[in-house]
Amino acid sequence: MNTREPAVEMRSISKGFNGVTVLNEVDFEVRAGEVHALAGGNGAGKSTLMKILQGVYQSDSGSIHVGGKPVEITSIQDAKAAGIGMVFQEFSLVPSLTVAQNIFLGAEPQGPIGLIDDREAVRRARDVFTEMEVVVDPRAQVSKLGTAYWQLTEIAKALAQNARVLIMDEPTASLAKHETEALFDLVSRLKTRGISIIYISHRMDEVYRIADRITILRDGRRLLTEALSNVTPEQIVEGIVGKKVEGQLTYRQREHDPASASPVLEARSLTCGKRVRDVSFTLHAGEILGLAGLMGSGRTELARVLFGIDSLESGEILVRGKKAVITSPQHAIAAGLALIPEDRRDQGLVLDHSVRDNLLLPLLDNIKRGPLLNAAAGRALSSSLIKKFAVKVAHPNKPVRLLSGGNQQKVVLAKWLGTEPDVLILDEPTAGVDIGTKSEILDMIRELANAGKAVIVISSEYPELLAVSDRVLVLRDGSISRELKRSEIADEESLQLAVQGV
Amino acid sequence: MNNTTISAQAPKTGGLDAVKRTLGELDWRRYVIYIGFVVVFIFFAVLLRDQGFLSPTNLLNIFRQTATITIIAVGMTYVIACAEIDLSVGSTAGLSSVCTAMALSQWGIVPGILAGLAVGLVVGSINGALVSLLGIPSFLVTLGMLGIAVGVAQWITASAPQPILNETFNMLFGSGNFGPVPGLIVWSAIFVAIGAVVLSRTKFGRQVLATGGNRNAADFTGINTKRIKFQVLLISGVVASVAGMLYAGRLESGRFQWGAGDELSAIAAVILGGTSLFGGAGSVVGTLFGALLIGLINNGLILAGLDSSQQQVVRGAIIILAVALARKK
């Protein structure tokens, strides 16, 4: 299936920003019809390398060859012309236009007098989808479609521009299980047509599933390029992190039995729309409760109800045995709850504001002196949070936008833990976070529970759930289908089966 | 000996490097309004040295003439920093001047002032309620309110000016001096000082910036963003009504035309001052300099003998240039 001929070759690419070397003579080569995984921790240089390939940045030295010929890529247009397409992690579609209009945006088919021929665009879009063997209506407005279709449209857009190499950055991050399966099928079909795919993902199982080879970057250098059949997951993780992380993802028996502690949060028959139906559970001090379930099973919706973002239709919430009326996040915070939301960029942070301002936002009452905020107290408080949570930041005044995903997530955590909540709800706390930071975050969760906080963890990653949860609730169609003690779950597979309902 | 010289010099160069580095990292775009202000000031000071540009009377005049715009722009800073807009401020000022004048001639000075403030409270509350509770874009709400307020002002006065004969009111609101300082300057100083401190040093100010920067994240952080949006539009309305009373006091009458078009000057001052049109960042002191820069340009162009059509062209070009320099990469 794989020809030996490289589709794209990047030779000894170096790149620095403000005198800091980000890439150091990196060689990277993708063969035609190959799925090539690109791995590395945050700051390893993955995104810089890919941005050079896409023409967003220019390398300081080194060369790029496409189909054996050297090419100059100095703009995104050059990259497109060379047959390199990108499937963006944050989608780059215009929601108000149709699928076909998006696919041909900027390259619209024209009629005889130069007017745009929308019908021709629809016809050609349909051809592309037929080749991809997927069913998408080219005339549908993008905003009305689900995320999976956005992604298909992105892929179609690249293919319509004759891309031979597709870069996919965490393509499954926002997909449900069956959508992920469909994407993998599509990837293998694209492979047989000789299209190469550069696959960036933090999910090891996916990488093993679909990639042929892997290149690992560490600290701006290429560590290795190897066929996946020749490397073990442990080797990859070690290569990314640079140290052994064994044991981070294993459950540790807790010293005390949290279930005997007093209940902090009680949910009684919570109901809200179709996604939260008659949900009851009890959460004890010092306990970590995992919420498992497929996309759309109501996990996030349950968190939203508990935090007062969506209002209850029926049921009641008790905090420390007393009925709490929670109809807004303000009530929830006053009752001692905190929510680390699913989408940290949209819901957790004001990206253009400084790390310090973001940290202090829920803590403004703590630094008030009279009606005014005390700047010195604010500096001291934010510095102590940055230190406590080991946030890597050049200066607290720098915009939080500039931090890596893992450090951004630490800022969100720090911001909320500064409020000293009794109940902490974390929705996908390690999504898009490199593996080193991931284990740090999991350790933090354990420490919080040991300090007596009650914690709810929502996660799509089973190893992570199994690593921290004392108890797991499985949600299905908005209701609790199973409640499992950690000791009742043998391994990842049995949790998978419980979630799938078999 | 040699060694000591070297070691004595080493920290010096290090210090110099540090200074260079700080300057390099300094985001000069944030200070472009101050740079621009100084550049334009020096330019006029040299060019118009024989036309009395630098005379104390002329400089005081610039302050006085920009006072009402400055005050309106302080309120507007909050609205824009919160990612909203208020187009109704100019006509709110006009309506306030009219209501103040009418109530004053009927019932005296205190009811007159209360009537003016009531205009701001009512207009601001309606704007705020429609934006925050019904979720109608502020651009549309306040565009409608612009017409309504000026229409009401014209209607209840049958387009006639309403003279104000109360000396105390006129002295207090704009015509008089507080000691040696013109009243209008004192008024704008008070508004700028309070506005700057509240925006940068209070919980409310932070919440306004957070709501403007990312409303979703602010909501999740437990900020009542609906209330914040209501409050900024209320502030803007009340501040505009005070500006209307200052027009009334300075011109000794209430008239529906007072303040007409001020919304555009105020928005220009706010944006020149470095407040982001998309919300999330704002500076009241920047706004003051934005307003002063506009006043400076107006004054300089008049002294330079340009006629009003030419003034408009030059003023427009300078504003575009300044905003272009201040924008983010």
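Since this is a predicted model, take the numbers as computed values, not measurements.

Student: What should I look at first to understand the overall build of chain A in this one?
Tutor: Regarding its fold elements, chain A presents 17 helices and 22 strands. Relative to its length of 502 residues, chain A is compact, with a C-alpha radius of gyration of 24 Å against a globular reference of 23 Å. Expressed along its principal axes, the backbone C-alpha trace of chain A runs to roughly 70 × 50 × 50 Å. By residue count, 51% of the 502 residues in chain A fall in the buried class.

Student: Any chance you could explain the overall build of chain B here in plain terms?
Tutor: If you tally the helices and strands in chain B, you get 14 helices and 4 strands. Counting across all 329 residues of chain B, residues that qualify as buried make up 46%. Across chain B, every contact between residues at least 6 apart in sequence was considered, and the portion connecting residues at least 24 apart equals 76%. On chain B, roughly 15,300 Å² of surface is accessible, and the fraction owed to carbon and sulfur atoms is 68%.

Student: Explanation requested: the interface of chain A and chain B in the structure shown.
Tutor: You'll often see interface size given as the accessible area lost when the parts meet. Counting from both sides, the interface comprises 30 residues of chain A and, opposite them, 21 residues of chain B. For the pair chain A and chain B, the summed buried area comes to about 2,000 Å², and 58% of that belongs to carbon and sulfur atoms. Area buried by chain A at its contact with chain B is led by A:Gln330, A:Leu361 and A:Leu373, which between them contribute 25% of it. Here chain A is connected to chain B by 2 salt bridges. For the salt bridge of A:Asp357 with B:Arg206, the shortest nitrogen-to-oxygen distance reads 3.7 Å.

Student: What is the right way to read the environment of B:Gly295 from this model?
Tutor: Residues and elements named next belong to chain B. With respect to the helices and strands, the residue Gly-295 is situated in helix α13 (residues 284-303). Separated by 26 residues in sequence, Gly-295 and Ala-269 place their C-alpha atoms 9.8 Å apart. Once you skip the residues sitting within four places of it in the chain, Gly-295 turns out to touch Ile-62 and Thr-66.

Student: Honestly, the packing of aromatic side chains in this entry has me stumped. Any pointers?
Tutor: Centre distance and the angle of the planes are the two values used to describe a pair of aromatic rings. All names here are of chain B. Scanning the entire structure with this criterion turns up 12 aromatic pairs over all chains. Plain terms: the ring middles of Phe-43 and Phe-44 are 5.7 Å apart, the flat faces sit at 55° to each other, and that makes the pair tilted. What makes Phe-43 partly exposed here is its relative accessible area of 49%. Ring plane angle 20° and centroid distance 4.6 Å describe the contact between Phe-169 and Phe-173, whose orientation is recorded as stacked. Residue Phe-169 and its partner Phe-173 are both found in helix α7 (residues 167-175); the two are separated by 4 residues, about one turn of the helix. Taken as a pair, Phe-169 and Phe-173 share a single burial class, namely buried. Ring-pair connections join several aromatic residues into one group, and the members of that group are Tyr-34, Phe-37, Phe-41, Phe-43, Phe-44, Phe-53 and Phe-289.

Student: How should I be thinking about the pattern of salt bridges in this particular structure?
Tutor: One side chain can pair with another of opposite charge once the charged atoms of both are near each other. Residue and element names in this part refer to chain A. Within the structure shown, the criterion is met by 29 salt bridges over all chains. Across the pair Asp-137 and Arg-139 runs a salt bridge whose closest N-O atoms are separated by 3.8 Å. Between Arg-471 and Glu-483 there is a salt bridge, with the nearest N and O atoms lying 2.6 Å from each other. On the criterion of sequence distance, the pair formed by Arg-471 in strand β21 (residues 471-476) and Glu-483 in strand β22 (residues 479-485) is long-range, its members being 12 residues apart. Residue classification places Glu-483 among the partly exposed residues on the basis of a relative accessible area of 47%. The network of salt bridges with common partners includes Glu-29, Arg-31, Glu-34 and Arg-213.

Student: Even after reading the chapter, I still don't get the sheet that holds strand β4 (residues 61-66) of chain A, so can you show me in this structure?
Tutor: Adjacent strands of a sheet form backbone hydrogen bonds with each other and so pair up, either parallel or antiparallel. All names here are of chain A. Taken together, 4 strands build an open sheet; the order of strands is β2-β1-β4-β5 and the sheet is antiparallel. Whereas interior strands pair on both sides, the edge strands pair on one side only; in this sheet they are β2 (20-31) and β5 (69-71). Recorded for the sheet is a direction-independent mean angle of 25° between the axes of neighbouring strands. Two elements, strand β1 (residues 6-17) and β4, share 5 bridges in a ladder whose sense is antiparallel. Directly across from Arg-11, in β4, lies its bridge partner Ser-63. Against the sheet, helix α1 (residues 46-54) engages β1, β2 and β4, with an angle of about 115° to β1.

Student: What am I meant to see in the pairing of strand β12 (residues 276-284) of chain A here?
Tutor: A regular strand places its side chains on the two faces of the sheet in alternate fashion. Residues and elements named next belong to chain A. Where strand β11 (residues 263-272) lies against β12, 6 bridges are found, and the strand directions are antiparallel. By the bridge assignment for β12, Glu-266 is matched with Thr-282. Linking β11 to β12, which pair antiparallel, is a turn of 3 residues; within it Gly-273 sits at a positive phi near 60°.

Student: I would appreciate a short explanation of the sheet that holds strand β15 (residues 322-324) of chain A in the present structure.
Tutor: Residue and element names in this part refer to chain A. Pairing is antiparallel across the open sheet formed by 4 strands, whose spatial order is β12-β11-β14-β15. Each edge of the open sheet carries a strand with a single partner, namely β12 and β15. Going from strand to strand, the sheet's axes swing by 25° on average, the running direction of each strand aside. When strand β14 (residues 314-319) meets β15, the two strands line up antiparallel, connected through 3 bridges. Across the sheet, Ile-317 pairs through a bridge with Ala-324, a residue of β15. Running at roughly 70° to β12, helix α9 (residues 299-306) makes contact with β11, β12 and β14 of the sheet.

Student: What exactly am I supposed to notice about the domain arrangement of chain A here?
Tutor: Residues and elements named next belong to chain A. With domains assigned, chain A is organised as domain 1 (6-241), domain 2 (262-336 + 421-502) and domain 3 (351-419). Here the C-alpha centroids of domain 2 and domain 3 sit 26 Å apart. Around 980 Å² of area is buried between domain 2 and domain 3 when both sides are counted, 77% of it from carbon and sulfur atoms. Where domain 2 touches domain 3, the interface holds 1 salt bridge. On inspection of domain 2 and its partner domain 3, the count reaches 2 residue pairs in polar contact (both at pLDDT 80 or more).

Student: Hey, could you run me through the side chain of B:Lys229 in this one?
Tutor: Checked against the element boundaries, B:Lys229 lands in helix α11 (residues 225-251). Beyond its immediate chain neighbours, meaning those up to four positions away, B:Lys229 contacts B:Cys82, B:Ala83, B:Glu84, B:Ser132, B:Thr211 and B:Arg215.

Student: I'm lost on the nonpolar core in this one. Help?
Tutor: By size, the foremost hydrophobic cluster in this structure holds 75 residues, and its most contacted members are A:Leu265, A:Leu270, A:Phe281, A:Leu302, A:Leu306, A:Ile456 and A:Leu495. Two domains share this core, each providing at least three of its residues, namely domain 2 (262-336 + 421-502) and domain 3 (351-419) of chain A. Here A:Ile456 is in contact with A:Leu265, A:Phe281, A:Leu283, A:Leu289, A:Leu291, A:Leu306, A:Leu424, A:Ile425 and A:Leu426, once residues within four sequence places are set aside. Residues B:Phe37, B:Phe173, B:Ile267 and B:Leu296 belong to the second largest nonpolar core, which totals 50 residues.

Student: Just checking my understanding: could you explain a negative patch on the surface for this structure?
Tutor: There is a patch of like negative charges on the surface, built from A:Asp205, A:Asp491, A:Glu492 and A:Glu493. Counting through the fold element by element, A:Glu492 comes out in helix α17 (residues 492-500).

Student: What exactly am I supposed to notice about α17(A) here?
Tutor: Residues spaced three or four apart along an α-helix face the same direction, because each turn holds 3.6 residues. Residue and element names in this part refer to chain A. By the burial criterion, the buried members of α17 are Leu-495, Ala-498 and Val-499. One face of α17 carries all of its buried residues, which in axial projection span an arc of 100°. Among the structural elements, β13 (288-292), α16 (462-468), β21 and β22 are those in contact with the buried residues of α17. Of the residues trailing α17, Gly-501 is marked for its positive phi of about 80°.

Student: Help me understand the confidence of the model for chain B, please; the structure alone is not making it clear to me.
Tutor: As a general rule, the predicted coordinates of low-pLDDT regions are not to be interpreted in detail. Counting all residues, the mean pLDDT for chain B is 88, and 90% of those residues have values of 70 or more. Within chain B, helix α5 (residues 109-132) of chain B carries the highest mean pLDDT (97), whereas helix α1 (residues 2-25) of chain B carries the lowest (48).

Student: Explain the pairing of β21(A) to me, please; I cannot follow it from the model alone.
Tutor: Residue and element names in this part refer to chain A. Within β21, 5 of the 6 residues are buried, leaving the element largely enclosed by the surrounding structure. As paired strands, β13 and β21 are joined by 4 bridges and run parallel to one another. What sits directly across from Leu-289, in β21, is Arg-471. As paired strands, β21 and β22 are joined by 6 bridges and run antiparallel to one another. From the neighbouring strand, Arg-471 faces β22, where its bridge partner is Lys-485. Counting the residues in the hairpin turn of β21 and β22 gives 2 residues, including Asp-477, whose phi is positive at 50°.

Criteria and thresholds
Residues numbered from 1 in each chain as written. Chains lettered and ligands numbered in written order. Predicted model: local features only at pLDDT ≥ 70, side-chain atom pairs only at ≥ 80, totals over all residues. Heavy atoms only, no water. Helix = DSSP H or I, 4+ residues; strand = E, 2+ residues; numbered from the N terminus. Rg over C-alpha atoms; globule rule 2.2 N^0.38 Å. Buried < 20%, exposed > 50% of the residue type's maximum accessible area, 1.4 Å probe, protein only. Contact = heavy atoms within 4.5 Å. Areas by Shrake-Rupley, 256 points an atom, 1.4 Å probe, with all protein chains shown as cover. Buried area = accessible area lost by both parts, 1.4 Å probe. Salt bridge = Lys/Arg side-chain N within 4 Å of Asp/Glu carboxyl O. Phe/Tyr/Trp six-rings, centres within 6.5 Å; stacked < 30°, edge-to-face > 60°. Pairing = 2+ DSSP bridges. Axes fitted to C-alpha atoms, helices over the stretch in contact; angles between N-to-C directions. Domains from an automatic or database assignment. Polar contact = N/O pair within 3.5 Å; in protein donor to acceptor, adjacent residues only side chain to side chain. Core = buried A, V, L, I, M, F, W, Y, C linked by side-chain atoms within 4.5 Å. Patch = residues over 30% accessible without salt bridge, like charges linked within 9 Å, V, L, I, M, F, W, Y side chains within 5 Å. Lys, Arg positive; Asp, Glu negative; His and termini not counted. Charge placed at Lys NZ, Arg CZ, Asp CG, Glu CD. Arc of directions from axis to C-beta. pLDDT = per-residue confidence, 0-100.

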